[in-house]
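Tertiary structure, described
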Amino acid sequence: LVSDWSSDVCSSDLVAAAQVEGYSTIVDAPFSGALVPDASYRKDRRVLSVMIEVNRRLYMDEDTGLKKQDFEQVSAALGRLIVTAAQAAARHSAEQ
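Just so it is clear, the model here is predicted, and its values are computed rather than measured. (Residues numbered from 1 in each chain as written. Predicted model: local features only at pLDDT ≥ 70, side-chain atom pairs only at ≥ 80, totals over all residues. Heavy atoms only, no water.)

Regarding the overall build of the chain
Scanning the chain from terminus to terminus reveals two helices and two strands. Reading the chain from its N end, one meets helices and strands in the order β-α-β-α. With the C-alpha coordinates of the chain rotated into their principal frame, the extents come out at 45 × 25 × 20 Å. Burial statistics for the chain: of 96 residues in total, 27% are counted as buried. Within the chain, residue pairs in contact and separated by at least 24 positions form 68% of the contacts whose partners lie at least 6 positions apart. On the chain, roughly 6600 Å² of surface is accessible, and the fraction owed to carbon and sulfur atoms is 52%. Within the chain, one finds 10 positive and 14 negative side-chain charges whose respective centroids are separated by 4 Å. (Helix = DSSP H or I, 4+ residues; strand = E, 2+ residues; numbered from the N terminus. Buried < 20%, exposed > 50% of the residue type's maximum accessible area, 1.4 Å probe, protein only. Contact = heavy atoms within 4.5 Å. Areas by Shrake-Rupley, 256 points an atom, 1.4 Å probe, with all protein chains shown as cover. Lys, Arg positive; Asp, Glu negative; His and termini not counted. Charge placed at Lys NZ, Arg CZ, Asp CG, Glu CD.)

Looking at helix 1 (residues 11-21)
Because the α-helix completes a turn every 3.6 residues, residues three or four places apart line up on one side. Within helix 1, the full set of buried residues consists of Ser-11, Leu-14, Val-15, Ala-17 and Ala-18. For helix 1, the buried positions fall inside an angular range of 165° around the axis, keeping them on one side. Of the exposed residues in helix 1, those oriented more than 90 degrees away from the buried face are Ser-12, Gln-19 and Val-20. (Arc of directions from axis to C-beta.)

A short note on the environment of Ser-11
When you line up the elements, Ser-11 lands in helix 1. Overall, Ser-11 belongs to the buried group, its relative accessible area being 5%. Counting along the chain gives 79 residues from Ser-11 to Ala-90, while the straight-line C-alpha distance between them is 14 Å.

Observations concerning the packing of aromatic side chains
A complete count under the given rule lists one aromatic pair for this structure. For the pair Tyr-59 and Phe-71, a centre-to-centre distance of 6.1 Å together with 70° between the ring planes defines the contact as edge-to-face. Of the two residues, Tyr-59 sits in the loop between strand 2 (50-52) and helix 2 (71-95) while Phe-71 sits in helix 2, which places them 12 residues apart along the sequence. For Tyr-59, a relative accessible area of 21% translates into the label partly exposed. The side chain of Lys-67 reaches across the aromatic face of Phe-71, ending 4.4 Å from its centre. (Phe/Tyr/Trp six-rings, centres within 6.5 Å; stacked < 30°, edge-to-face > 60°. Lys NZ or Arg CZ within 6 Å of the ring centre and 35° of its normal.)

Let's talk about the nonpolar core
Grouped together as the largest cluster of nonpolar side chains are seven residues: Cys-10, Leu-14, Ala-17, Ala-18, Leu-81, Ala-85 and Ala-88. Looking at this core, the elements with two or more residues in it are helix 1 and helix 2. Residue contacts for Ala-17: discarding those within four places in its chain leaves Leu-81 and Thr-84. (Core = buried A, V, L, I, M, F, W, Y, C linked by side-chain atoms within 4.5 Å.)

Digging into the environment of Thr-84
Among the structural elements, Thr-84 can be located in helix 2. Relative accessible area serves as the criterion here: at 16%, Thr-84 is assigned to the buried category. In sequence terms Thr-84 and Ala-16 are 68 residues apart; their C-alpha atoms lie 9.8 Å from each other. Here Thr-84 is in contact with Asp-13, Leu-14 and Ala-17, once residues within four sequence places are set aside.

Here's what the structure looks like:
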């Protein structure tokens, strides 16, 4: 699940990057929005926010709570998605 408070600044980049990683995505469903501090929410357009939710079944045995063999792979892919989001935000900021 990808959800973006900032007018879809990086949602399309994240969806494309997740697909390259071999994961499917859903944007703004079943939830939408991202967490933004109240002091900045809809007040400072320089503040960008995105929420990436990962299905626990990808990295954890939900019955035992133990990491699955794919944990490190999922963790590394998530790290690359965070880099993608940061790059999209930097491009957006440079365009403003």
